[in-house]
Structures are given as C-alpha cells and as structure tokens.
Amino acid sequence: MKADPKGVLTGAIFLDGDHACAEGAIAAGCRFVAGYPITPSTEVVERIADRFPLIGGMFIQMEDEIASSIAIQGAVWGGKKAMTVTSGPGFSLMMEHIGLAAMTEVPCVFVDVQRGGPSTGLPTLPGQGDMMQARWGSHGDYGIIALCPNSPQECFDFTIKAFNLSEQYRVPVLLMMDECVGHMTERVIIPPADQIDLYPRRYYDGPREDFLLFKPDKDLVPPIVKAGDGYKVHVTGLTHDEKGYPAMTVSAQEKLVHRLIDKIKLNADKIVEYKEDQVEGADVVVVSYGITSRVAIPAIEQARLEGMKVGHLRLIVAWPFPEKRIKELAAKVKAFVVPEINYGQMVHEVERHVAGKARVELVGHGGGAVHNPKDIYNVIKNSVKG
Amino acid sequence: MAEDLIDVDESMPTNTVEEYLRMDRMPHIWCPGCGIGTTVNCFAHALEQSNLDLQKVAIVSGIGCTGRVAGYINLDSFHTTHGRAIPFATGLKLANPELKVVVYSGDGDLTAIGGNHFIHAARRNVDMTVILINNFIYGMTGGQVAPTTPLTATASTTPHGNFEDSFNLPYLAESCGAVYVARWTAYHVRHTTKAIKEALAKKGFSFVEILAPCPTLFSRRNKLGDGLDQMKYFKEHSEIKNDIDTKTASLSFQGKITVGKFVDKERPTYLDAMNEYYGKKFGDKFKPYNG
Ligand SMILES: Cc1ncc(C[n+]2csc(CCOP(=O)(O)OP(=O)(O)O)c2C)c(N)n1
Ligand code: SF4
C-alpha cells in the first residue's frame, strides 16, 4: 500500500526533527493525534494541528497525557491510525496505557522527545534517560518496539517505519527521539507518495462465524476489526481468551502473555535493525543510538586516524535489542564503548549479552548537552589498550 | 453448566433483554442485591426502545464493579483502565463519529481518578452518554471512601466516619456544560430507562447518575440493611424534582434524595463546533470532518 498523496509534501524541505516527525505521521496515514504540550515535543503537535484540518485529520489537545495515551487507542478501534507525542514526564504518565495497548494489541505510535531528567529536569535540553522506561515502564510483561532516529530525515522516515511496524505486529511502537534531534533543522527529502510503502492494517476477512478477536495468525499476530463493523467485540485489559473475554487463570495468562512477548521475540530478526561501520576486525566497537550516534563519529574518526581499529554499531531499533549481533561481536572484540546521555541504560543490555566475554565501558552523561567527543575518544583509547 | 442446575421451563418467554447481553458470560460477578444489574436491565430496555442500530453503539467502561458492565453488554464493548473510559470514548467517537458511544462506570472511576476527563468531556461537549452508577463507595477494591461518600458515612478507609464533603454530580456535570443531566435510583427503573433513552437520543455530553445499593460494602458497613432495604429507602426518600437548580440537588447521608431530569438543553458538540469554525475559517477548502 502506498501513501495518500494528499498528505505528502514531496520535495526537499528544511525541517526540524519535530516537524519532520509530524510530516512522517501524516505520510504514514495517521489521521488521529491526541497530545498534551510538553517541551521539547510540542512542535510535533503544533504542526499536526496546523496541517490536519485540511487533510481530514483529527487533532485534539487532551487534558493531559494520560487522556492522550488512551484517546489514541479509542481512535484505533474507531478505525484510525493514531499517535501521541510527549517528553519524559508525559511519557511516565502514559505508562499504564502503553501496557493497555500491549495487552489489547492496539497498533499505535508513542513519540517521546527525550529531555534531561529525572522529574522536570531539563525541559529544553537533551537526554536519553527514558530508554529503559520505554522497554520496561509499564507493569507486567510484554514486548515492545522502539526506534531511535538521529536526524530530521530519520524522524520523518522512522515515524513511517514506526506506524508500519505497529500495524504489522499490533504493538505500540515508541519513537525515542531526543531534544537535539527534535530541534535540529536539516534538509529532509520527502519522497513522492507512491514511493512511500505503508503496511496496511490487517483487518479480519475470514468467515464471520469463525471470528475470534485475539486468535493469532501464524506470525502470532491477530487480525483486527473496528467498532461499528458488527462483530460486537469485547476488549479488556484483563487477561483474556481468544474471544477477548476475561479469563482469570494461570493458563490463560501464560498463553496470552507468552504470545505478547513471543510475537516480538520470535520476529526479532525481522524487526532488529542497526547500522555498522568497520565492525569486522575491530578491537573496539562503539554502540550508540539517537543523537549520540552522531556525536560518537568524530571520536571514532580521531581514533582511527591514530591507527586504532574502532568499529561503530548504531542502534536503529533499540528494542528489541540486537542481542545476536552483540553476542557474535563479543567473541571477537576487546571492548564495547557505549556513550549515552544517561548514567547507564542501554549499556546494561550490551553487558547482558556480552556476558563477560569483552569489556563494556559506559561513557555516561547526565544530560543537558551532548557528549564532548573527546570523552568518547578517551574511553576508546583506553579500551584499545586493553 | 447453568442448564444442569436450573429446571428450564420451555414455555416461559425468553427475557427480551437477552439479546443485549452476553449471555455466554453469565453468571455475572455482582453480589446478590447489588444495584448494578438493575441498571443494566434499564440500559438494555433503553436500547430496546431507542431505535439505534446496535452495530453502531459502543460501550466503554473503566475499572470497578460497574466497570465490568462493558463485559456483559452485547455491543462493541471496551473495558479500559481505571478512570479513563471517557478519554478512550472521546478517541473512539472522534475517530468514527457515526458511532453512538456510551460510557458506563462507577462514581469513583468517573469522578475521582477520572474527574479531570469528566469535566473536560462535558466542557467540550463530546457527543457521548455517560451513565454513572453511584453506590457511594469503591466497590471492587473493598469499600473505601469515594468522592461521593456522604458526610459521616463510614468506609474502610474512613472507619471513624467520612469528614470530606462529597460531590454533587449533577451540579458538577451541568456547570461543566453537559446538555442532559438526570439522577435516578435503581428503584426508579422506568424513570431510569427513560432517562437513558433520552440521554442516548441527545447530541452532546449527556449524563445520567443512578444511585444504586452496594449491600456488601456500603449498606452493611453503615448498618443500612441489605439491597432490598436500600431499595425501600430509595423508594421512600426520593423526591422527584425535575428542572431544579442542580446546586440544590445535593445528597446527604440518609437524608432526602433529589431525583429527576435536571438539564435538557442544546449546545454545539465538539465536532459541530470544530466543523463550523473551520468551515468559516477555510471556506471551500475545508471539508467537514466526518471521521
Ligand atoms: C490506576 C488504578 N488505581 C487503582 C485501581 C484499583 N481500583 C479498582 S476499582 C477501584 C474503585 C472503583 O470504584 P467505583 O468506580 O466507585 O466502582 P464500583 O466498584 O463501586 O462500581 C479502584 C480504586 C486500579 N485498577 N487502577
Ligand atoms: S461489592 Fe457492592 S458494587 Fe460491587 S458487586 Fe458487590 S454489591 Fe455490587
């Protein structure tokens, strides 16, 4: 399925990441956005509010993030592609509903333009402190997908990708931006609509009498229906059977929750995405994501100039984590260097899969700015020495 | 299962509301004497009497004993999170305006944790019918104090009696902009049914509060007898006063109960206001939003 040309501003435009994200959502066919203002994410909804009236979209500024994060789920059952946008404090408020979306398999997109935290922290300055919250923030067990753009172009491209993945797997997909990416302006190429591939929502089309709302297909993902189609569905955040009815038993819990995890875990090879640069034969591999992946480049280049063998693995999809690749590399390299604008989040995941086979060095930063590449360089240099 | 236990008299006419219920989920979880089931019966009759296309009616609940209503109603039904039925319903309605959206939940759900959503949906006049079952208590979690618990009544978290003033919900709903506001009790089945029917027919934020006994947690703790005693109390102490100033429709512990239809007016809904405003703003470039 291709994008609807009505919403696609084809061409090369200078956009900041937030606006590019809004354009990506529109190109992806998102026509319902609920949000509550918070720096540094607000420009996304401001652009949506400006653009939607003339393309048949519905933007509503809800009374808070909790409302926004569930209004979009109502909208999905009403037949729309839907998104909400926030930053750390709002993201925290949305956690219960990320769990609801995971439990009721609602395809929707949550954008988190990260800022320095905890609490109100640094509203206008960058952070990457929500990465673990993205994976584990809601209560209970579930699988999730999170993407990390590092440029306005990627804010556009990955927003489309986020919608596609959410439709494909019927999961909430989290777009983990950060203040720098959200506020930096660069050239963004918006392709013609017929070059934008969209994953169509998988509506149930089997015989009516066989219909079960949560009966998965082979890929563990059930097709969806919408309210008003006459299926008289029951949707509940309680543990439920394939019909959608509450089932308060150990076996129903095991069956459902296991599938919610497996549908991401067993499809991980298809979902995981990263970019590598000179990783083969490297002594040290820098693992980075989001804005930090750009800041790491001068450090890596400097080290290479000095003859060090440094590879770069950049997470495009942070969750699910590329654990296979990290395990493979762990057997070959001396060390991993993980710069992130927090005091250690994704580094735990790297450590977990390296499992002691190589050294893992965090280059932490409390937030408010990006790293000085020198700090990353110094850790690389020390790591090469072994 | 149930058939094994009960002698079914085949000559008995089937209950006309069965088609509105998910009979495959019976028996329900509510206690004997609980008023919630009675209100569901009223709701089913109201559906029966209003000529709505049932494929286009959706019901949304939050969490609580009343929150379980969605699970027993044979419509597109959504059992969401505690307090958040209204914003879910807002998204559902605005995504697909051809749906009639009903929110059915408890007093704690809709006005404590969900209070903010309640007032804003009323202010925006989002087109939905909100049916609130007020049993003066948090049922599902074991009888804690609610924003509707009357002064001096006891609850598990006010074991020495409640000293917080409680909400007058019709006044709250009206002051925020609801276009239809009524209060009845589970005793007033015909009035309740009629009120729900009227509310369903209304365009905009319509609100029906139904007082219902919670014998297990409210009545017993407060030595008010069982469900039947509570119904008798509702019967004897209710005063029907239509069109009164909602400010005067407050409730007290074991005092008079003011019931009636208090508000029935017109006001542009959220969608109508948006379409009208953008229509003026953008002229022909704007196509009215219909979902
Ligand atoms: C976020 C959250 N907080 C608390 C609860 C626990 N909880 C479940 S039902 C309920 C109260 C319900 O009371 P009310 O809305 O009056 O409904 P009733 O059970 O009386 O019908 C509470 C506090 C919850 N499920 N979720
Ligand atoms: S606890 Fe109270 S409200 Fe809940 S089902 Fe029992 S009687 Fe009804």
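Note: the structure precedes this text.
Reference entry: report on the structure contained in this document. (Residues numbered from 1 in each chain as written. Chains lettered and ligands numbered in written order. Predicted model: local features only at pLDDT ≥ 70, side-chain atom pairs only at ≥ 80, totals over all residues. Heavy atoms only, no water.)

1. Observations regarding the interface of chain A and chain B
Spelled out, the test is: Contacts: residue pairs with any heavy atoms within 4.5 Å of one another. Two parts placed together each lose some accessible area under a 1.4 Å probe, and the buried area is that loss summed for both. Throughout this description, the term salt bridge denotes a Lys or Arg side-chain nitrogen within 4 Å of a carboxyl oxygen of Asp or Glu. Two N or O atoms count as a polar contact when they lie within 3.5 Å, although within protein this holds only if one can serve as hydrogen donor and the other as acceptor, and sequence-adjacent residues are included solely when both atoms are side-chain atoms. Each helix is a run of H or I in the DSSP string that is no shorter than four residues. Each strand is a run of E no shorter than two, and both are numbered from the N terminus. For this classification, the nonpolar set comprises Ala, Val, Leu, Ile, Met, Phe, Trp, Tyr, Cys and Pro, the charged set comprises Asp, Glu, Lys and Arg, and every other residue, Gly included, is treated as polar. For two strands to pair, DSSP has to find at least two bridges joining them.
Listed per partner, the contact involves 40 residues of chain A and 41 residues of chain B. Both sides together, the interface formed by chain A and chain B hides about 3,400 Å², and carbon and sulfur atoms give 60% of it. Taking the shortest distance from any N to any O, the salt bridge between Asp 24 of chain B and Lys 243 of chain A comes out at 2.6 Å. Applying the counting criterion to the chain A and chain B interface returns 21 residue pairs in polar contact (both at pLDDT 80 or more). Secondary structure elements with two or more residues in the side of chain A that touches chain B: β3 (58-61), α3 (65-77), α5 (95-103) and β10 (234-236) of chain A. Per-class residue counts for the side of chain A that touches chain B are 21 nonpolar, twelve polar and seven charged. Sheet topology places β10 of chain A next to strand β2 (residues 76-79) of chain B; three bridges connect them, and they run parallel. Bridging across to β2 of chain B, His 234 of chain A finds its partner in Ser 77 of chain B.

2. Some words on the site of ligand 2
Residue and element names in this part refer to chain B. Inclusion rule: We call a residue near a molecule or strand whenever a single non-hydrogen atom of that residue lies within 4 Å of it.
Residues in close proximity to ligand 2 include Trp 30, Cys 31, Cys 34, Ile 36, Cys 65, Asn 135, Cys 214, Pro 215, Thr 216 and Leu 217, which together make up its full environment. The biggest single contributor to the shell around ligand 2 is helix α9 (residues 215-219), with three residues. Across the shell around ligand 2, the residue classes tally to eight nonpolar, two polar and no charged.

3. A word on the sheet that holds strand β16 (residues 359-363) of chain A
Residues and elements named next belong to chain A. Going by this rule: Lines are fitted to the C-alpha atoms to define the axes, a helix being fitted only along its stretch in contact, and any angle between axes, read from their N-to-C directions, falls within 0 to 180 degrees.
The five strands are arranged β11-β13-β12-β15-β16 in an open sheet whose pairing can be described as mixed. What marks the edges here is a single partner per strand, and that holds for β11 (274-277) and β16. The mean angle between the axes of side-by-side strands here comes to 20°, regardless of whether they run parallel or antiparallel. In the sheet, strand β12 (residues 284-289) pairs with strand β15 (residues 335-339) via three bridges, with the strands oriented parallel. In the strand pairing of β15, Val 285 is matched with Phe 336. Across the face of the sheet, helix α13 (residues 346-354) comes into contact with β12, β13 (310-315), β15 and β16 while running at roughly 175° to β16.

4. Here we look at the site of ligand 1
For the record, the criterion: Computed by Shrake-Rupley with a 1.4 Å probe, the accessible areas treat only the displayed protein chains as cover when residues are assessed.
If you check the shell around ligand 1, you find 17 residues, and the closest are Cys 65, Thr 66, Asp 109, Gly 139 and Met 140 of chain B. Chain contributions to the surroundings of ligand 1 come from chains A and B. Thr 66 of chain B places a side-chain nitrogen or oxygen 2.6 Å from an oxygen atom of ligand 1. In the model, an oxygen atom of ligand 1 is placed 3.1 Å from a nitrogen or oxygen of the Ile 137 of chain B main chain. When isolated, ligand 1 has an accessible area of 590 Å², and the protein chains bury 77% of it. It is helix α5 (residues 107-113) of chain B that contributes the most residues to the shell around ligand 1, four residues altogether. Among the residues forming the shell around ligand 1, the class breakdown is six nonpolar, eight polar and three charged.

5. Description of the side chain of Arg 202 of chain A
Residues and elements named next belong to chain A. Convention followed: Three labels apply to residues, based on accessible area from a 1.4 Å probe with only protein chains included: buried if under 20% of the type maximum, exposed if over 50%, partly exposed otherwise in between.
Note that Arg 202 resides in the loop between β9 (185-190) and β10. Given a relative accessible area of 17%, Arg 202 falls into the buried group. A polar contact of 3.2 Å, which involves the side chain of Arg 202, links it to the backbone oxygen of Gln 168. In contact with Arg 202, not counting residues within four places along its chain, are Glu 167, Gln 168, Asp 217, Asp 219, Val 221, Pro 223 and Ile 224.

6. Looking at the packing of aromatic side chains
We apply this condition: Within 6.5 Å between ring centres, the rings of Phe, Tyr and Trp (the latter by its six-membered ring) count as paired, and their orientation is classed by plane angle as stacked under 30 degrees, edge-to-face over 60, tilted in between. Each ring is checked for a lysine NZ or an arginine CZ that lies within 6 Å of its centre and within 35 degrees of its normal; such an atom marks a charge sitting over the ring.
With the rule as written, the count across this model stands at 15 aromatic pairs over all chains. Relative to Tyr 231 of chain A, the ring of Phe 211 of chain A lies with its centre 4.4 Å away and its plane at 45°, an arrangement referred to as tilted. Taken together, the residues Phe 211 of chain A in the loop between β9 and β10 and Tyr 231 of chain A in the loop between β9 and β10 connect sequence positions 20 residues apart. Like Phe 211 of chain A, the residue Tyr 231 of chain A is buried in the burial classification. The rings of Tyr 277, Tyr 278, Phe 282 and Phe 286 of chain B are connected pair by pair, giving a single aromatic cluster. Across from the ring centre of Trp 136 of chain A, 3.9 Å away, lies the NZ or CZ of Arg 135 of chain A, which sits over that ring. The ring of Tyr 231 of chain A has Arg 208 of chain A lying over it, and the distance from NZ or CZ to the ring centre is 4.2 Å.

7. Structural notes on the environment of Asn 275 of chain B
Residues and elements named next belong to chain B. For Asn 275, the position within the fold is in helix α11 (residues 270-282). In this structure, the C-alpha to C-alpha distance between Asn 275 and Tyr 171, residues 104 residues apart in sequence, is 29 Å. A polar atom in the side chain of Asn 275 sits 2.7 Å from the backbone nitrogen of Tyr 289.

8. Description of the sheet that holds β2 of chain B
The strand order β10(A)-β2(B)-β1(B)-β3(B)-β4(B)-β6(B)-β5(B)-β8(B)-β7(B) describes an open sheet built from nine strands, whose pairing is mixed. Each having just a single partner strand, β10 of chain A together with β7 (238-240) of chain B make up the two edges of the open sheet. Along the sheet, successive strands turn relative to each other by an average axial angle of 20°, direction set aside.

9. Details of the pattern of salt bridges
Opposite charge on two side chains permits pairing when their charged atoms draw close. Throughout the structure, instances matching the rule amount to 36 salt bridges over all chains. Here Arg 47 of chain A and Glu 23 of chain A are joined by a salt bridge, their closest N and O atoms 2.6 Å apart. Of this pair, Arg 47 of chain A sits in helix α2 (residues 42-51) while Glu 23 of chain A sits in helix α1 (residues 17-27), and the two are 24 residues apart along the sequence. As far as burial versus exposure is concerned, Arg 47 of chain A and Glu 23 of chain A are alike and both buried. Salt bridges here are not isolated pairs; linked through shared partners, they connect Lys 194, Glu 198, Lys 202, Lys 261, Asp 264 and Glu 266 of chain B.

It is worth stressing that arrangement in space is one thing and function is another; only the former is reported here.
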